[in-house]
Amino acid sequence: MHRWSKLFIPTLREAPADAEVASHKYLVRAGYIRQLAAGIYSFLFFGHRSMLKIANVVREEMDTIGQEFFLPALLPREPWDQSGRWTVMGDNMFRLKDRKGADLCLGMTHEEIMTTIARSELRSYKQLPQIWYQIQTKFRDEPRPKSGLLRVRQFTMKDSYSFDIDKAGLDKSFDLHDAVYRKIFTRCGLKFVAVEADSGSMGGSQSQEFMVYTDAGEDLIASCPVCGYAANLEKAISTLEPVTEMEATGDGKPELVSTPNCAAIADVAAFFKMSPASDIKCVAYMALERGQKGEPDSWQGVAAFLRGDHQVNETKLLSAIGAAELRTMVAEELEKYFKGPAGYLGPVGLTPDAKPLGAGLTVVVDKALEGRENMVCGANQKDYHQRNVVPGRDFSWTLAADIRSVNEGENCPTSSCAGKLVVGKAVEIGHIFKLGYKYSESMGARVLDENGKEITPIMGSYGIGIERILTAAIEQSNDANGFWLPASIAPFTVVVTITNMTDAALRETGEKVAAQLDAAGIDVLLDDRDERAGVKFKDADLVGIPFRINVGKKAAAGVVELVTRATATSVDVPIADTLALVKERVQEDYLLTNLADAE
RNA sequence: CGGGACGUGGCUCAGCCUGGUAGAGCACUCGCUUGGGGUGCGAGGGGUCGGCAGUUCGAAUCUGCCCGUCCCGACCA
């Protein structure tokens with residue numbers, strides 16, 4: 001049994017000046033973590049205990065579908081060269097050299113390593129499917145670590161990898177993970193949602209993120225309160241209201257109009273007395289194309305055209321053209337590609353490349369421009385616009401794609417659903433996706449199928465951020481005094497607070513109550529510090545323990561108090577009944593989180 | 001990487017503008033006191049003022065460079 005008086009639990013009255021979000025402040029104040037450097041934290045007793053509990057929940061559930069491995073964090077360069085990611089990972093990868101000068105890196109993810117094992121060990125379809133996972137430290141040299149444990153450079157991740165014979169097998173592995181993840185997050189007491197996601201630089205097809213709504217989050221997700229549609233803004237779509245087209249003027253052909261000082265869309269709309277929805281706006285980028293097989297990287301011009309009232313979603317644009325990075329064009333580049341200045345860029349007269357990222361200009365139009373008529377756009381000439389512009393008739397493009405971000409209030413994309421989308425901030429706690437053949441193919445993993453033919457296993461990759469479960473749990477359950485965790489992941493389930501250590505009878509009762517809980521397997525912490533009651537109460541409220549038993553004045557009458565942190569409610573309970581009641585409450589706590597999360 | 005802020009005992013901060021003894025609260029140690037929501041009183045210990053260089057008789061304070069941390073943006077399985 002743990003005694004507070006013997007432990008190192010450095011609680012703080014004040015939050016460090018660096019802390020911004022609630023979870024960061026409370027993790028430090030409650031003595032869970034201490035910062036060592038930007039994005040690098042030490043876990044103290046409470047923090048580590050909570051992390052172990054989370055990892056154990058994850059492990060218990062993962063063991064129902066897969067096998068746990070333990071892989072190196074210090075990795076040689078070769079597998080990364082084989083997958084091509086030694087260069088793709090760029091500055092996000094921590095790199096070092098050994099004494100012989102050989103390149104090494106710290107593992108930021110383990111597709112390559114798992115695939116290396118699969119390649120050298122798996123020979124037959126009879127050995128598939130396999131699901132291998134690890135719960136280990138990952139390293140990423142984040143350009144901007146922030147928000148305490150939310151975005152860090154060293155963190156703990158459960159990641160698993162599936163190897164299947166075919167797509168149907170992959171679907172099954174994916175679904176198994178989906179189901180297990182829901183159990184894990186539910187057991188951790190999180191109110192999560194599963195959303196469609198962009199698969200990013202990992203490649204692959206289907207991709208789903210598990211998110212917890214919180215303002216501390218860095219992702220935006222769009223969801224429909226009516227039908228339950230939910231997607232990361234990088235992926236979300238919507239159904240647009242029909243637009244009332246403007247009447248054509250003159251002969252209906254594009255007409256040059258002098259529009260002095262109308263560089264902003266609002267000015268153009270006012271000038272033509274039209275809605276910004278009838279304007280075509282241009283966002284001009286330079287896109288980075290990664291060189292294949294040793295070729296150098298190159299920057300190519302890209303023009304994105306959208307409705308005037310829409311915004312570019314750069315993630316969508318990147319995946320539409322297959323580029324690695326985007327930056328906006330500078331004035332000289334605008335002159336080179338458009339012969340016109342910012343504010344007056346337009347699609348008419350451009351010669352789009354046949355394929356994305358060619359030597360000329362890649363022209364991408366947003367889907368919302370297709371089928372439109374009589375629009376207004378820049379004339380690639382200062383102080384001039386054109387009207388009567390019809391996409392497809394008056395200009396062409398390299399490709400049309402969905403490259404815009406949906407807005408709150410737009411119609412849900414689900415047919416027959418009348419809901420309006422809402423957009424909220426969230427933190428990503430898990431991500432599952434179908435990798436496909438990217439790693440097994442490039443790294444040469446092959447097995448023989450039942451006909452003796454060589455086939456390439458299809459892979460899936462599935463991650464859970466252990467620290468993020470802790471942060472998300474704190475973000476969703478805190479008040480002015482501290483936070484509370486569900487018993488499943490709290491460092492202790494119950495703290496027994498002896499309110500006055502000078503009273504020998506109270507000490508004895510407290511010891512007895514705690515010992516009784518301890519013997520029954522309840523994770524109990526006995527607060528036997530020689531402190532005033534107020535100090536102990538404040539600490540207990542701060543540190544995330546879901547239940548507290550006060551051993552105080554009523555103890556002489558054989559009664560203690562059971563306080564539930566989440567609700568700040570207290571009940572008197574005969575000492576003999578405490579164990580049974582605590583068990584009951586823990587069970588309720590579990591059921592409560594279960595019910596709350598039925599998604 | 002672009003923009004901004006900050007760096008003074010363990011923590012939160014004042015002092016800097018206008019150069020001359022390094023301060024407060026919390027925390028810590030000792031004594032007394034108190035004992036159901038961070039008890040009160042007294043006495044103590046603890047800081048090369050992020051680093052380096054410069055200006056000056058003299059730098060926490062002025063100047064330059066560097067380092068670190070945080071915030072916004074970019075970036076991000």
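Residues numbered from 1 in each chain as written. Chains lettered and ligands numbered in written order. Predicted model: local features only at pLDDT ≥ 70, side-chain atom pairs only at ≥ 80, totals over all residues. Heavy atoms only, no water.

Caption draft 1: The arrangement of the domain arrangement of chain A in detail. If you check the domain split of chain A, you get domain 1 (49-73 + 108-236 + 423-475), domain 2 (255-401) and domain 3 (484-594). Spacing between the C-alpha centres of domain 1 and domain 2 amounts to 36 Å. Each side of the interface is counted separately: domain 1 has five residues, and domain 2 has four residues. Summed over both sides, the interface between domain 1 and domain 2 buries roughly 330 Å², with carbon and sulfur atoms accounting for 40% of that surface. Between domain 1 and domain 2 we count zero salt bridges in total. (Domains from an automatic or database assignment. Contact = heavy atoms within 4.5 Å. Buried area = accessible area lost by both parts, 1.4 Å probe. Salt bridge = Lys/Arg side-chain N within 4 Å of Asp/Glu carboxyl O.)

Caption draft 2: Molecular detail of the side chain of Ser 278. Tracing the backbone shows Ser 278 in the loop between α7 (265-272) and β15 (279-289). When residues no more than four places from it in sequence are discounted, the contact partners of Ser 278 are Thr 244, Met 246, Arg 372, Met 375 and Val 376. (Helix = DSSP H or I, 4+ residues; strand = E, 2+ residues; numbered from the N terminus.)

Caption draft 3: The arrangement of the pattern of salt bridges in detail. For the structure shown, the criterion picks out 37 salt bridges. Of the charged contacts, one joins Glu 111 and Arg 85 as a salt bridge, the two residues approaching to 2.9 Å between their closest N and O atoms. One end of the pair, Glu 111, is in helix α5 (residues 111-121); the other, Arg 85, is in helix α4 (residues 85-88), with 26 residues separating them in the sequence. Using a relative accessible area of 1% as the deciding quantity, one classes Arg 85 as buried. Between Lys 434 and Asp 171 there is a salt bridge, and its shortest N-O distance comes to 2.6 Å. Residue Lys 434 is found in strand β24 (residues 422-436), and its partner Asp 171 is found in helix α6 (residues 167-187); the two are separated by 263 residues along the sequence. Relative accessible area serves as the criterion here: at 9%, Lys 434 is assigned to the buried category. (Buried < 20%, exposed > 50% of the residue type's maximum accessible area, 1.4 Å probe, protein only.)

Caption draft 4: Just the confidence of the model for chain A, in detail. When pLDDT is averaged across chain A, the result is 92; 97% of the residues are at 70 or more. This complex was scored by the predictor with a pTM of 0.91 and an ipTM of 0.93. (pLDDT = per-residue confidence, 0-100.)

Caption draft 5: How the structure looks around the nonpolar core. Formed by 62 residues in total, the largest nonpolar core has its most connected members in Tyr 32, Tyr 181, Ile 184, Phe 185, Leu 190, Leu 470 and Leu 485. Here the element with the most residues in this core is helix α2 (residues 45-62); it accounts for seven residues. Among the domains, domain 1 (49-73 + 108-236 + 423-475) and domain 3 (484-594) are the pair contributing at least three residues each to this core. Ignoring anything within four residues of it in the chain, the contact list for Leu 485 reads Tyr 32, Ser 50, Leu 470, Ala 473, Ile 474, Ala 490, Pro 491, Gly 544 and Pro 546. (Core = buried A, V, L, I, M, F, W, Y, C linked by side-chain atoms within 4.5 Å.)

Caption draft 6: Representation of the sheet that holds strand β6 (residues 95-97) within the structure. An order of β5-β7-β6 is seen for the three strands of this open sheet, with the pairing classed as antiparallel. Taken across any chain shown, the strands that pair with only one partner, and hence form the sheet edges, are β5 (74-76) and β6. Averaged over neighbouring strand pairs, the angle between their axes works out to 40° when direction is ignored. With three bridges joining them, β5 and strand β7 (residues 103-106) adopt antiparallel strand pairing. Its bridge partner lying in β7, Leu 74 is registered against Leu 106. (Pairing = 2+ DSSP bridges. Axes fitted to C-alpha atoms, helices over the stretch in contact; angles between N-to-C directions.)

Caption draft 7: Quick look at the pairing of strand β2 (residues 33-37). Here β2 runs beside strand β3 (residues 40-43); their pairing, made up of four bridges, is antiparallel. By the bridge assignment for β3, Ile 33 is matched with Phe 43. Where β2 folds back onto β3 in an antiparallel hairpin, the turn is made up of two residues, including Gly 39, whose phi is positive at roughly 70°.

Caption draft 8: The packing of aromatic side chains, seen in detail. Inspection of every chain in the model, using the stated rule, returns 17 aromatic pairs. Between Trp 132 and Phe 163, the aromatic rings sit 5.1 Å apart at their centres with planes inclined by 50°, giving tilted as the arrangement. Highlighted residues: Trp 132 in strand β8 (residues 130-139) and Phe 163 in strand β9 (residues 154-164), separated in sequence by 31 residues. As far as burial versus exposure is concerned, Trp 132 and Phe 163 are alike and both buried. Consider the rings of Tyr 181 and Phe 210, whose centres lie 5.5 Å apart with planes at 50°: the pair is tilted. Here Tyr 181 is found in helix α6, whereas its partner Phe 210 is found in strand β11 (residues 207-213), with 29 residues between them in sequence. In terms of burial, Tyr 181 and Phe 210 fall into one category: buried. One residue, Lys 434, lies across the ring of Phe 174, its end atom 4.9 Å from the ring centre. (Phe/Tyr/Trp six-rings, centres within 6.5 Å; stacked < 30°, edge-to-face > 60°. Lys NZ or Arg CZ within 6 Å of the ring centre and 35° of its normal.)

Caption draft 9: Looking closely at the environment of Ile 237. Position of Ile 237 relative to the elements: it lies in the loop between β13 (230-232) and β14 (255-258). In the structure, Ile 237 is positioned 166 residues away from Ile 403 in sequence and 9.8 Å away in space, judged by C-alpha atoms.

Caption draft 10: Region of the structure containing the state of the cysteines. As enumerated under the stated definition, the model contains zero disulfides in all. The cysteine Cys 227 is free of any disulfide, with Cys 412 supplying the nearest cysteine sulfur at 3.5 Å. By relative accessible area, Cys 227 is classed as partly exposed at 38%. (Disulfide = S-S within 2.5 Å.)

Caption draft 11: Representation of α2 in the model. With 18 residues, α2 should reach 26 Å at 1.5 Å per residue; the first-to-last C-alpha distance of 25 Å fits that figure. Within α2, the full set of buried residues consists of Phe 46, Gly 47, Arg 49, Ser 50, Met 51, Lys 53, Ile 54, Ala 55, Val 57, Val 58, Glu 61 and Met 62. (Expected span 1.5 Å × (residues − 1).)

Caption draft 12: Geometry of the packing of α2 against α6. At a minimum axis distance of 9 Å, the contact between α2 and α6 shows a crossing angle of 150°. In terms of their interaxial angle, α2 and α6 are classed as roughly antiparallel. Viewed along their axes, α2 and α6 form a crossing whose handedness is right-handed. Residues Val 57, Val 58, Glu 60, Glu 61 and Met 62 of α2 form the contact with α6, whose participating residues are His 177, Val 180, Tyr 181, Lys 183, Ile 184 and Arg 187. Partitioned by chemical class, the residues of the contact of α2 with α6 number six nonpolar, one polar and four charged. (Parallel < 35°, antiparallel > 145°, perpendicular 65-115°, else oblique. Left-handed = near helix turned anticlockwise from the far one by under 90°. Nonpolar A, V, L, I, M, F, W, Y, C, P; charged D, E, K, R; others polar.)

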